[in-house]
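Structure assessment
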Amino acid sequence: MTSSTNLPLIDMSGVREGDQASVRRAGDAIRKACSETGFFYIINHGVPQAVIDKAMSAAAEFFAYPTEIKRQVAVNKRHRGWHALGGATMYEATKPDHKEFFSIGLELTEDDPCVIAGEALRGPNQWPPFMPSLRDALTEYYAEIGKAGADLLRAVAVGLGIEESFFTDKYTKPLQRTQMVYYPPQPPQAEADQFGVAPHTDYGCITLLYQDNSGGLQVRELGSNRWIEATPIPGSLVVNVGDLLAHWSNDRFRSTLHRVINSSGHERYSIATFYDPTYSAIVDPCDLGIDPAQSLYSPVAAGDYILKRIDDSMAYRKKM
Ligand SMILES: O=C(O)CCC(=O)C(=O)O
Ligand SMILES: [Fe+2]
C-alpha cells in the first residue's frame with residue numbers, strides 16, 4: 001500500500017503483542033522502506049489518540065505564552081526546556097530555523113548514577129511553573145511514544161535479519177528526546193533559504209513524528225533528488241531513519257534529507273521523538289553481521305555521537 005505521497009504506509013498492528021507473522025510483515029515492509037526512501041508512515045502504532053490530542057493541545061497552549069514567560073524554562077545544558085526562535089541552525093543552512101521548540105528527555109533525578117557520573121544530556125526535565133498541566137500531558141506522551149519506538153525497533157531488527165530483541169539491551173536507559181515544535185507561519189515572500197527546519201538528516205536511530213494537518217514536511221527522494229511532501233495522514237506517525245541507524249546498518253538503511261516549510265498561512269505544530277539508545281551503547285556495524293573488512297563505520301558510543309551533533313547545531317551550547 002502507498003500513501004498519496006508515495007511514502008509507504010506500514011501497519012504495526014500485532015507487533016506489540018509479539019505476533020510473529022505481524023512482526024515479520026512489518027519488518028519486511030520496513031526493510032523495503034528504509035532501503036528505498038528512509039521515510040514511511042505507521043498506523044495502528046498503539047499511541048492512543050487521546051494522548052496525542054492532549055499533548056498537541058498542550059503544545060498550542062505552551063507556545064502561546066509570551067516570550068518573557070517561556071524564558072523561565074529556557075533550555076539548559078541537558079537540552080531540556082524551551083528554545084527560542086533562531087536557536088537552531090542545521091549544518092549546511094545559511095539561516096537559523098524558523099521554529100521554537102520545547103524538549104524533554106528521560107526523567108532522571110539528580111542522584112541517579114548517570115547524572116552523578118556527569119553523563120551529558122542526563123537529569124530531570126525542566127517543567128514550566130506557569131503551566132503545570134504540561135508535565136502530565138508530555139510525560140504520558142513520552143511513555144506511549146517510547147513504547148511505539150520499541151515496537152518499531154523489534155520490526156527493524158527483523159528487517160535487518162538480526163535477532164528481534166537485538167536493540168532491547170541497547171535501550172535500557174534511552175536517550176529518547178521528545179520535542180514539541182512550533183512553526184510560525186512563513187510569509188509567501190520569505191527568502192528561499194528560510195526554512196521552518198532547513199534540510200538535514202536526523203542524528204540518532206529512529207524518529208517518530210506526529211504532525212498536525214498543516215503540511216510542510218518535505219522529504220528528498222533518493223535518486224530523483226525531488227522534494228516530496230509527507231502529506232499529513234490522520235492517525236499516522238511519520239517515521240524516519242537517522243544517521244546512527246544508517247551507520248549501524250552499514251548504510252543498508254538510508255538516512256534521508258528532509259525539511260519543513262510552513263507556508264500554510266497559520267501556525268504549525270508537531271511533536272518529534274528521537275528514539276535513541278542508552279548513552280554507552282556501542283554502534284558497530286560488525287554487531288549486525290557485517291564483515292569487518294566491509295564495515296564503513298568505526299564503533300562509536302551512541303551518546304558521544306548524538307552529543308556532538310547537538311553541539312554542532314544548537315547556538316545555546318556555544319554560549320554555556
Ligand atoms: O516538524 C517536523 O515535521 C519535522 C521536524 C524535524 O525534522 C526535526 O525536528 O528533526
Ligand atoms: Fe528531522
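Residues numbered from 1 in each chain as written. Chains lettered and ligands numbered in written order. Predicted model: local features only at pLDDT ≥ 70, side-chain atom pairs only at ≥ 80, totals over all residues. Heavy atoms only, no water.

Our focus in this paragraph is the overall build of the protein. When helices and strands are tallied, the protein shows 8 helices and 14 strands. Taken over the C-alpha trace, the protein has a radius of gyration of 19 Å; the compact-globule value for 320 residues is 20 Å, and the two agree within 12%. With the C-alpha coordinates aligned to their principal axes, the bounding extent of the protein is approximately 55 × 50 × 40 Å. The buried share of the protein, taken over its 320 residues, is 56%. For the protein, the share of sequence-separated contacts (at least 6 apart) that also reach a separation of at least 24 residues comes to 76%. (Helix = DSSP H or I, 4+ residues; strand = E, 2+ residues; numbered from the N terminus. Rg over C-alpha atoms; globule rule 2.2 N^0.38 Å. Buried < 20%, exposed > 50% of the residue type's maximum accessible area, 1.4 Å probe, protein only. Contact = heavy atoms within 4.5 Å.)

Here we come to the site of ligand 1. Within the structure, ligand 1 sits among Tyr183, His200, Asp202, Leu209, Leu217, His258, Val260, Arg268, Ser270 and Phe274. Within the contact set of ligand 1, an oxygen atom lies 3.0 Å away from a side-chain nitrogen or oxygen of His200. Ser270 is positioned such that a nitrogen or oxygen atom in its side chain is 2.7 Å from an oxygen atom of ligand 1. Starting from 290 Å² of accessible surface for ligand 1 in isolation, the protein chains cover 94%. The element best represented in the shell around ligand 1 is strand 12 (residues 268-275), accounting for 3 residues. Considering only residue class, the shell around ligand 1 consists of 5 nonpolar, 3 polar and 2 charged. (Near = heavy atom within 4 Å. Polar contact = N/O pair within 3.5 Å; in protein donor to acceptor, adjacent residues only side chain to side chain. Areas by Shrake-Rupley, 256 points an atom, 1.4 Å probe, with all protein chains shown as cover. Nonpolar A, V, L, I, M, F, W, Y, C, P; charged D, E, K, R; others polar.)

The strands that make up a sheet pair up through hydrogen bonds in the backbone, lying either parallel or antiparallel. Read across the open sheet, the 4 strands follow the order 6-11-8-9; overall the sheet is antiparallel. Strands at the two margins of the open sheet, each flanked by one partner only, are strand 6 (197-200) and strand 9 (227-229). Pairs of neighbouring strands in the sheet enclose a mean axial angle of 25°, with direction left out of account. Of the pairings in the sheet, the one linking strand 6 to strand 11 (residues 258-260) comprises 2 bridges and is antiparallel in character. Looking at the pairing, His200 lines up with His258 of strand 11. (Pairing = 2+ DSSP bridges. Axes fitted to C-alpha atoms, helices over the stretch in contact; angles between N-to-C directions.)

Our focus in this paragraph is helix 5 (residues 133-159). In this model helix 5 runs 39 Å from its N-terminal to its C-terminal C-alpha over 27 residues, within 8% of the 39 Å that 1.5 Å per residue would give. Positive phi shows up at Gly161, right after helix 5, with a value of about 75°. (Expected span 1.5 Å × (residues − 1).)

The next thing to look at is the packing of aromatic side chains. Scanning all chains against the criterion turns up 12 aromatic pairs. Ring geometry for Phe62 against Phe63: centres 5.2 Å apart, planes inclined by 80°, an arrangement best described as edge-to-face. Judged by relative accessible area, Phe63 falls into the buried class, the value being 5%. Seen in terms of ring centroids, Phe102 and Trp127 are 6.4 Å apart; in terms of plane orientation they differ by 40°. Their pairing is tilted. Linking Phe102 in strand 4 (residues 100-104) with Trp127 in the loop between helix 4 (113-116) and helix 5, this pair joins segments that are 25 residues apart in sequence. The exposure classification of Phe102 matches that of Trp127, with both residues buried. (Phe/Tyr/Trp six-rings, centres within 6.5 Å; stacked < 30°, edge-to-face > 60°.)

Once that is clear, we can look at the coordination of the iron ion (ligand 2). For a metal with four tetrahedral donors the ideal donor-metal-donor angle is 109.5 degrees, whereas six octahedral donors ideally subtend 90 or 180 degrees. Within the first shell, the iron ion (ligand 2) binds the protein through His200 (NE2), Asp202 (OD) and His258 (NE2), at distances of 2.1 to 2.2 Å. Look at where the donors of the iron ion (ligand 2) fall in the sequence and you get H-x1-D-x55-H. Of this pair, His200 sits in strand 6 while His258 sits in strand 11, and the two are 58 residues apart along the sequence. As far as burial versus exposure is concerned, His200 and His258 are alike and both buried. (Donors = N, O, S within 2.8 Å, 3.2 Å for Na, K, Ca; no water.)

Moving on: the packing of helix 2 (residues 49-63) against helix 5. Two elements in contact, helix 2 and helix 5, have axes separated by 9 Å at closest approach and are oriented at 140°. Viewed along their axes, helix 2 and helix 5 adopt a mutual orientation that is oblique. Helix-helix and strand crossings are classified by hand; for helix 2 and helix 5 the assignment is left-handed. Listed contacts from helix 5 to Val51, Ile52, Lys54, Ala55, Ala58, Glu61 and Phe62 of helix 2 are Ser133, Leu134, Asp136, Ala137, Glu140, Tyr141 and Glu144. Residue composition of the contact of helix 2 with helix 5, grouped by class: 8 nonpolar, 1 polar and 5 charged. (Parallel < 35°, antiparallel > 145°, perpendicular 65-115°, else oblique. Left-handed = near helix turned anticlockwise from the far one by under 90°.)

To continue, consider the confidence of the model for the protein. Across the protein, the average pLDDT comes to 95, with 98% of residues at or above 70. For this predicted complex, the interface confidence reaches an ipTM of 0.99, while the overall pTM sits at 0.97. (pLDDT = per-residue confidence, 0-100.)

Let's shift gears to the pattern of salt bridges. Taken as a whole and judged by the stated rule, the model has 23 salt bridges. Lys70 serves as the salt-bridge partner of Glu100, at 2.8 Å between the closest nitrogen and oxygen. Note that Glu100 is positioned in strand 4 and Lys70 in helix 3 (residues 67-70), a separation of 30 residues in sequence. Note on accessibility: Glu100 and Lys70 belong to one class, buried. Measuring nitrogen to oxygen at the nearest pair gives 3.1 Å for the salt bridge that ties Asp276 to Arg177. (Salt bridge = Lys/Arg side-chain N within 4 Å of Asp/Glu carboxyl O.)

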